[in-house]
Amino acid sequence: MKKPGASQASVLSGFHGPNLGYVIELYEKYLEDPNSIDSEMKDYFDQGNIPGYEEKTITPEAPNTFNQPNDTKKIISAIRMADYIRDFGHLSADINPLLAEPQKNPLIEPEEWGLTREDLEKIPANLICPSAPQSVQNGAEAMDHLKKVYTSTIAFEFDQVHDLEEVNWLKEKVENGSVFPSLNTKKRLSLYKRLSEVEEFEKFLHRTFVGQKRFSIEGLDTMVPLLDEVITEAVKDGVTTVNIGMAHRGRLNVLAHVLGKPYEMIFAEFQHAPNKELVPSEGSVGINYGWTGDVKYHLGLDRQIKSESTAKVRLTLANNPSHLEFAGAIVEGFTRAAQDDREQPGSPRQNPSSALAILIHGDAAFPGQGIVAETLNLSRLKGYNTGGTVHVIANNTIGFTTESIDSRSTRYASDLAKGYEIPIIHVNADDPEACVMAAILATDYRSKFGKDFLIDLIGYRRFGHNEMDEPMTTNPLMYKLVHQHPTAKAVYSKKLTEEGVLEEAVSREIETEVLDKLTKAFEKVPRENAHDLSEVEVPHTIEKGLPRIHTAVPLEKLSQINEDLLEWPADFKVFGKLERILKRRLDAFGEGGKIDWALAETMAFASIVSDGTPVRLSGQDSERGTFAHRNIVLHDRETGEQFSPLHALPSAKASFTVHNSPLSEAAVLGFEYGYNVFAPETLVLWEAQYGDFANAAQVIFDQFIAAGRAKWGQKSGLIMLLPHGFEGQGPEHSSARFERFLTLAAENNWTVANLTSAAQYFHILRRQAAILQEEPVRPLVLMTPKSLLRNPLVASAPEEFSEGEFKPIVSQPGLGSEPDKVEKVVLCTGKIAVDLAEKVNPETHSWLQILRMEEIYPFPMKLLKEKIRQYPNLKEVIWVQEEPKNMGAWTFVEPRIDYALEDELKVSYIGRRRRSSPAEGEPDIHKIEQARIINEALTK
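Reading the values: the criteria
Residues numbered from 1 in each chain as written. Predicted model: local features only at pLDDT ≥ 70, side-chain atom pairs only at ≥ 80, totals over all residues. Heavy atoms only, no water. Helix = DSSP H or I, 4+ residues; strand = E, 2+ residues; numbered from the N terminus. Buried < 20%, exposed > 50% of the residue type's maximum accessible area, 1.4 Å probe, protein only. Contact = heavy atoms within 4.5 Å. Areas by Shrake-Rupley, 256 points an atom, 1.4 Å probe, with all protein chains shown as cover. Expected span 1.5 Å × (residues − 1). Core = buried A, V, L, I, M, F, W, Y, C linked by side-chain atoms within 4.5 Å. Pairing = 2+ DSSP bridges. Axes fitted to C-alpha atoms, helices over the stretch in contact; angles between N-to-C directions. pLDDT = per-residue confidence, 0-100. Parallel < 35°, antiparallel > 145°, perpendicular 65-115°, else oblique. Left-handed = near helix turned anticlockwise from the far one by under 90°. Nonpolar A, V, L, I, M, F, W, Y, C, P; charged D, E, K, R; others polar. Right-handed = clockwise from strand over helix to strand, strands pointing away.

> Requested: an account of the overall build of the protein, with residues and values cited.
Secondary structure summary: the protein contains 33 helices and 26 strands in total. Taking the principal axes of its C-alpha atoms as reference, the protein extends roughly 115 × 80 × 50 Å. The proportion of buried residues among the 940 residues of the protein is 59%. When contacts within the protein are restricted to residue pairs at least 6 apart in sequence, long-range pairs at least 24 apart make up 79% of them. A total accessible area of about 38,900 Å² is found for the protein, and carbon and sulfur atoms account for 49% of it.

Take a look at the structure:
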């Protein structure tokens, strides 16, 4: 049955690309069995509507030349062929510079689809490619156009993007030709000059500093103009901060040419000359220096740039250890910090268009390092997204000596990104103009959709892993091709010369100019090693430790804050049980009131934002708290709407935010560290769900948080909250690996503390907030409680908040009132001190004093000596801990306690014996062991 007045070629308008392909599939099913499809579509086809025809193609001047049903099948085949080219054209693309010819794929030829060129010529162009340029006249030309744009030196993978608007936008950009602009002569010569600078810089280093490692960019020279273009386009869109993360390969070239680090500074680092005597170029703030330093190809740069044509832009290349991809998460933290406005109360106001992250990955590292997936997963999350990152895979097609076939299970190095629906471009690194096109599309997409984009820059590595390696010993076939292959500059020079754009005289002039600049820079560098090679001392401001800081808050202010935090909108319905628990806090500041750990923390945050310092907290389940103690974000029991009392605090002068993190430690901790480094005025806290989960972020602790200032002068005041304590929950929920942080402790690089009271927690948080922008600032590692969160012995009286301060050592209340009677001192830290306090009796234990070491590093040596001297008849000093002897604080504190005892006594140990696993898995055995430790400690 046909619709009245409808021809056999009625229009099915509005369907193009993937939509049209889907409708055509339905039509094929309809032809086989009309009842196999949706009834609405069946009715539509029953009326004579045929997908693929449009009325405008059937006119008296251009009559319909197709006959049913054979020609419909050819249209369907042609559309499917076009979609195949879109989806799989990359398999036939010329994207590998070392391959003489791209791999042939017969499925991009019409014969494989039962079509001839004549068949295609009969099909309207807009059915094959609706966005084709006007010069494309028919289906055959449309198919030629698709093959050209999808199989050239730039190839596209968009099929993994599920949002239809994005897919259609991407495909239209590619197919209408706007991604392939014709570059003018000035731009092309500029590209050639850039490649000359890149290549000659590497050659100069190779000749001048023979045998030194530099991890050259050669083989991926076009990465520099690609980055130039990404930054230029981003700045046009209003970006004022660009943060770059990359490993060592090509880093010196990026520093020199993208960030403008003066050649003489780089040469000085090779020459071991004193960098500080070489003045950076105008607008550069130079390298951040620590006192131990780092190798030159790990160093970053922080620089302001401004030219007549651009706004002032801050460019940062993050410092990076050899742990390849870990800096990516840190750069994301940099970028979110740059985007957030934290000056107003409530949540920070994010402006994603103000800052851009560019992450440069290795082709072996991108699929090989799990931190990459963790970091990609942050890209669409409320607390961590940065409005789209531009990723570049610096694809050498080799990792050290391992070729791709042995380093990944995917076709492309970029395939991991498909799981996050990230559009991918593969581009031949020998084609600088294609690199420019890739950069423009990446920044346009990021600007429009606020999402990540990936450019897989495929080249090669001209030398071995470093310049002293001989790659022919391990990769002879690849390196025969490499040795025969011209450089990117030579390839582009030939192209421009053949097209009449570049004359030989101009080429020589550019080369001479570049070499002169390099030579003059080198001549500025002293030939002799002028600086003293003696060990560099830690700066005095860091060595002397923290000043005494007033952290108490008047009781009236705290009481008012507490009342304010217990107000929420009248129509907001808190879960009944939780509401009753929270309302009990109204009594906390009354006579005989007690403030528990969670309230102390909330009061600390509230007083800190009231002082004008922003606060950011994140971690797995941190809004509620792993142990249901925090509840800093409330949920309406009927609507699910969220409300945080800290956002409505009348006295707040800065932002507060808390985020439940994804199930990630390394990327999230890296992100928070980066956020804090870039926003040093902000109190940033990361909380592990259980302290030992921090194991999964060990690289961030080791290479960045513990050592970043010594290596790079990179300051941080980050706080890490690590739940710790032996409560019979087994090996994985007991120990935060206290010992590891103490092993890394040196040069006042951080504070490591294990507290036993809510007031102590309040004061140490406020102390940390107070030092954030001071020279002695350092991170804070806190062993935090689990069962003790609600223990009455941990709660503190209100006056301890309004009158007290943080105390590195706390004496057990009630003990030691008669110093002459004290014969035994027990030293301990954290939960075991509360366990002892529950069993101790001042009347029967007059011979005993228990000293709680609240701050283990920096070790409070002077204070401990003062405490010990109070007891003239001391016979025994014991260290008690619940951790095994080879774990916990024992190995760290033993020599220090002995030093404090001045050879009069030696400290001895009570605790678990040395073990390979931190704790017992059987709760009853735990109780027996714990009871033994307590009993021995309290026995005279």
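> Pulling in residues and values, what's your account of the environment of Gln560?
You can see Gln560 is positioned in helix H21 (residues 555-565). Residue class for Gln560 comes out partly exposed when judged on its relative accessible area of 41%. A sequence separation of 90 residues divides Gln560 from Pro650, and the C-alpha atoms of the two residues are 10.0 Å apart.

> Please provide a residue-by-residue account of helix H12 (residues 327-339), values included.
Residue pairs spaced three or four apart in an α-helix point in one direction, given the helix's 3.6 residues per turn. In a regular helix each residue adds 1.5 Å, so 13 residues correspond to 18 Å; H12 covers 18 Å between its end C-alpha atoms and thus fits that length. Burial runs high along H12: twelve of the 13 residues are buried. The set of residues buried in H12 consists of Ala327, Gly328, Ala329, Ile330, Val331, Glu332, Gly333, Phe334, Thr335, Arg336, Ala337 and Gln339.

> Talk me through unusual backbone geometry; I want residue IDs and the actual numbers.
The peptide bond linking Tyr857 to Pro858 adopts the cis configuration, its omega dihedral lying at -5°. On the secondary structure map, Pro858 appears in the loop between strand S24 (855-857) and helix H31 (861-869). In this structure, Asp621 is a non-glycine residue whose phi angle is positive, near 65°. Looking at where Asp621 falls in the secondary structure, it is placed in the loop between strand S13 (615-619) and strand S14 (634-635).

> I'd love a proper account of the nonpolar core, names of residues and values included.
By size, the foremost hydrophobic cluster in this structure holds 111 residues, and its most contacted members are Phe267 and Leu441. No other element matches the eleven residues that helix H16 (residues 432-449) contributes to this core. Those residues in contact with Phe267 that lie beyond four places of it in its chain are Phe201, Phe204, Leu205, Phe209, Leu518, Ala521, Phe522 and Val525. Grouped together as the second largest cluster of nonpolar side chains are 80 residues, Ala318, Val668, Val684 and Ile705 included.

> Could you give me a rundown of the sheet that holds strand S19 (residues 751-754), with the residues and numbers involved?
Here seven strands make up an open sheet; going across it, the order is S16-S13-S17-S18-S20-S19-S24 and the pairing mixed. If you trace the sheet from one side to the other, it starts and ends with strand S16 (656-660) and S24, each paired once. The sheet shows a mean angle of 20° between the axes of neighbouring strands, direction not considered. Direction of pairing for strand S17 (residues 683-687) relative to strand S18 (residues 719-723): parallel, over a ladder of three bridges. Directly across from Glu687, in S18, lies its bridge partner Leu721.

> Kindly report on the confidence of the model for the protein, identifying the contributing residues and their values.
Here the protein averages 89 in pLDDT, and 90% of its residues register 70 or above. Across residues 1-14, where pLDDT falls below 50, the model places 29 contacts with residues more than four positions away in sequence or in other chains. In the predicted structure, residues 273-288 sits below a pLDDT of 50 and forms 35 contacts with residues beyond four places in sequence or in another chain.

> With reference to specific residues and values, describe the pairing of strand S2 (residues 241-245).
Residues in a regular strand point their side chains to alternate faces of the sheet. Counted residue by residue, S2 has five buried out of five residues, so it is predominantly covered. Alternating residues of S2 divide into Thr241, Asn243 and Gly245 and Val242 and Ile244, and every residue in both groups is buried.

> So what's going on with the packing of helix H7 (residues 164-175) against H16? Residues and values would help.
It is the contact of H7 with H16, at a shortest axis distance of 12 Å, that shows an interaxial angle of 150°. The pairing of H7 with H16 is recorded here as roughly antiparallel in orientation. Between H7 and H16 lies a crossing whose hand is right-handed. Packed against H7, whose contacting residues are Glu165, Glu166, Trp169, Leu170, Lys173 and Val174, the element H16 presents Leu441, Asp444, Tyr445, Lys448 and Phe449 at the interface. Of the residues that constitute the contact of H7 with H16, the class distribution is six nonpolar, no polar and five charged.

> Run through the side chain of Asp692, naming residues and quoting values.
Residue placement: Asp692 occurs in the loop between S17 and helix H25 (698-705). Ignoring any residue separated from it by four or fewer positions in sequence, one finds Asp692 in contact with Glu732, His733, Ser734, Ser735 and Ala736.

> Which residues make up the pairing of strand S20 (residues 780-784), and what are the values?
Burial within S20 is extensive, with five of its five residues counted as buried. Every second residue of S20 is oriented toward a common face, with Leu780, Leu782 and Thr784 on one face and Val781 and Met783 on the other, all of them buried. By the bridge criterion, five bridges tie S18 to S20 in an arrangement that is parallel. Pairing of Leu722 across the sheet is with Met783, part of S20. Tracing the backbone out of S19, into helix H28 (residues 758-770) and back to the parallel element S20 gives a crossover that is right-handed.

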